[in-house]
Amino acid sequence: MDLQGQRVVVIGGTSGIGLAVAEGAAREGAEVVVASRRQESVDAALKRLPGNAEGWVLDANDEAAVRGFFERIGGFDHLVYTAGESLLLQSLAEADLGRARRFLDTRLWGAYTAVKYGAGSIREGGSVVLTTGTAGRRPMPGTTAAAALCGAMESLTRALALELAPVRVNVVSPGVVRTELWRELPEAEREGLFRSSAESLPVGRVGEPADVAEAYLYLMRGGYSTGSVVTVDGGGLLV
C-alpha cells in the first residue's frame, strides 16, 4: 500500500519531523497540504515539496482560524499534527507557568482543536496521526511539562480512536531527534546532548526527521492500527 492519490494535511509540516512526513507522503504520490504559523516557513517548505503542494499560514492556538482553515481546504484523507513550541526543559522550582501553559496550548490543545474541526472532513478509510514523546514513560528531571504533555497525548489518542471510529487515530512517540525543537539550547550544550544520547542508544546515533517520518507514513497506510502509540527512539526506553 502507498498514499498514491490521497490528500495529507500536516499541521506543523514546514520543518523538522512534519516536513519530513510531508516529503515522504509526496514521494508516495500524495497531495500534501502543510500549515505553519510563519509565512517564511511555509514558503521555504513549498520550495522543497512538489508543485501541487499547498501551504497555509495557520496559528494552531487560534480556534477561529483552525475552524476556517478546515472549512477552506475541503476533504482529505489523513491529518497529521506535529506543531509545537521548542522543547521546554526546566525544573519545577524555576518553571515559568505562562511558558508551560503555552507549551501545552500548542501541542495538546492545538492538536485537540485541529481534530475537532478537521475530523468531519476526513474521507472513508482515513486517519489522524498525533505526536507525543518518550518523556511520559521515561521522564527526567526538568521534564515535568513535557511528561505531562506526553501522558495526555497518549490518553487523548486512545479516547479519540473510540470516539471517531472508523477514522483511525494513532500517535507517534519520538525519542531524541535532531530538529529545530532543540534550538533554544546553546549550540555546545545541544551538540553535547546529541553526542551523549548517541553513545547511550543501542543504535549508536540520535534520530533524524526522516527516521521518525516513517512511523507516520506507516500509520497512515496501516488500516488495522488505531489507538496505538508507535515509539521511534533508537531503543532509548531500553537503556
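All of the points below concern the structure found in this document. Owing to the predicted nature of the structure, the values given are computational and were not obtained by experimental measurement. (Residues numbered from 1 in each chain as written. Predicted model: local features only at pLDDT ≥ 70, side-chain atom pairs only at ≥ 80, totals over all residues. Heavy atoms only, no water.)

**So, the overall build of the protein chain**
How we decide: Helix and strand definitions follow DSSP, with helices as H or I runs of at least four residues and strands as E runs of at least two, each counted in order from the N terminus. For a compact globule the rule gives 2.2 Å times the number of residues to the power 0.38, and the radius of gyration it is set against comes from C-alpha atoms. Only heavy atoms enter the contact rule, under which two residues are in contact if any of them lie within 4.5 Å. Per-residue and other accessible areas were derived by the Shrake-Rupley procedure at a 1.4 Å probe size, with only the shown protein chains allowed to occlude residues. When charges are counted, neither His nor the chain ends are considered; positive counts come from Lys and Arg and negative counts from Asp and Glu. To locate a charge, take atom NZ for lysine, CZ for arginine, CG for aspartate or CD for glutamate.
Across its full length, the protein chain carries 7 helices and 7 strands. Radius of gyration (C-alpha) of the protein chain: 17 Å, near the 18 Å computed for a compact globule of 239 residues. Each of the three principal axes of the protein chain carries a C-alpha extent, and together these read 45 × 35 × 35 Å. The long-range fraction of contacts in the protein chain, counting pairs at least 24 apart against all pairs at least 6 apart in sequence, stands at 69%. Accessible area of the protein chain: about 11400 Å², with a carbon and sulfur share of 52%. Separation between the mean location of the 24 positive side-chain charges and that of the 29 negative ones in the protein chain comes to 1 Å.

**Brief notes about the pattern of salt bridges**
Let me state the cut-off plainly: For salt bridges, the criterion is a side-chain nitrogen of Lys or Arg within 4 Å of an Asp or Glu carboxyl oxygen. Classification of residues uses two cut-offs on accessible area relative to the type maximum, computed with a 1.4 Å probe and protein chains only: under 20% is buried, over 50% is exposed, and between them is partly exposed.
For the structure shown, the criterion picks out 10 salt bridges. Note that Arg7 is salt-bridged to Glu31, the shortest N-O span being 3.2 Å. Within this pair, whereas Arg7 is found in strand S1 (residues 7–11), its partner Glu31 is found in strand S2 (residues 31–36), the two being separated by 24 residues in sequence. A residue is classified by how much of its surface remains accessible, and Arg7, at 9% relative accessible area, is buried. With a relative accessible area of 27%, Glu31 lands in the partly exposed category. For Glu208, the salt bridge identified is with Arg178, shortest N-O distance 3.3 Å. Here Arg178 lies in the loop between strand S6 (168–174) and helix H6 (187–200) and Glu208 lies in the loop between H6 and helix H7 (209–221), a separation of 30 residues in the sequence. By relative accessible area, Arg178 is classed as partly exposed at 35%. Bridged by salt links that share partners, the residues Arg7, Glu31 and Glu54 form one connected network.

**Focus on the environment of Val239**
Relative to the helices and strands, Val239 resides in the segment after strand S7 (229–232). Residue class for Val239 comes out partly exposed when judged on its relative accessible area of 41%. Residues Val239 and Leu201 lie 38 residues apart in sequence; the distance between their C-alpha atoms is 7.1 Å. Ignoring any residue separated from it by four or fewer positions in sequence, one finds Val239 in contact with Arg138, Ser200 and Pro202.

**Remarks on the nonpolar core**
We count it as follows: Here, nonpolar core means buried Ala, Val, Leu, Ile, Met, Phe, Trp, Tyr and Cys residues that are tied together by side-chain atoms lying within 4.5 Å of each other.
Counting residues in hydrophobic clusters, the biggest one holds 38 residues, and the most contacted among them are Ile11, Phe69, Phe70, Leu79 and Leu130. Elements represented by at least two residues in this core include exactly S1, S2, helix H3 (63–73), strand S4 (76–81), helix H4 (97–118), strand S5 (122–131), helix H5 (144–163) and S6. If you tally residues by element for this core, the top one is H5, at 9 residues. Not counting the four nearest positions on each side in its chain, Leu79 is found in contact with Val9, Ile11, Phe70, Ala114, Val115, Ile122, Ser127, Val128 and Val129. By size, the runner-up hydrophobic cluster in this structure holds 27 residues, among which are Val177, Val212, Ala215 and Leu219.

**Describing the packing of H4 against H5**
Filter applied, for reference: Angular values range over 0 to 180 degrees, each being the angle between N-to-C directions of two axes fitted as lines to C-alpha atoms, with helices fitted over their stretch in contact. In this scheme, roughly parallel covers angles under 35 degrees and roughly antiparallel covers those over 145, while 65 to 115 is roughly perpendicular and the rest are oblique. Any residue outside Ala, Val, Leu, Ile, Met, Phe, Trp, Tyr, Cys, Pro, Asp, Glu, Lys and Arg is labelled polar, Gly included; the first ten of those are nonpolar and the last four are charged.
Across the interface, H4 lies against H5 with an axial gap of 9 Å and an inter-helix angle of 10°. Between H4 and H5, the angle is such that the two are roughly parallel. Mapping the contact onto sequence places Phe103, Leu104, Arg107, Leu108, Ala111, Tyr112 and Val115 in H4 and Ala145, Ala146, Leu149, Ala152, Met153, Leu156 and Leu160 in H5. The residue inventory of the contact of H4 with H5, partitioned by class, reads 13 nonpolar, no polar and 1 charged.

**Comments concerning the packing of H3 against H4**
Our working rule: Helix crossings are classified by the rotation of the near helix relative to the far one: an anticlockwise turn of less than a right angle makes the crossing left-handed, while a clockwise turn makes it right-handed.
Between H3 and H4, the shortest axis-to-axis distance is 9 Å and the interhelical angle comes to 35°. Like other packed secondary-structure pairs, H3 and H4 cross with a definite hand, here right-handed. Across from Glu63, Val66, Arg67 and Phe70 in H3, the residues of H4 making contact are Thr113, Ala114, Lys116, Tyr117 and Gly118. Of the residues belonging to the contact of H3 with H4, the class tally is 4 nonpolar, 2 polar and 3 charged.

**Topic: helix H2 (residues 39–48)**
What counts here: What the arc covers is the set of directions going from the helix axis to the C-beta atoms.
Among the residues making up H2, those that are buried are Ser41, Val42 and Ala45. All buried residues of H2 fall inside an arc of 100° around its axis, so they share one side. Counted as exposed and oriented over 90 degrees from the buried face of H2: Glu40 and Lys47. Looking at the buried residues of H2, the elements they touch are helix H1 (16–27), S2 and strand S3 (54–57).

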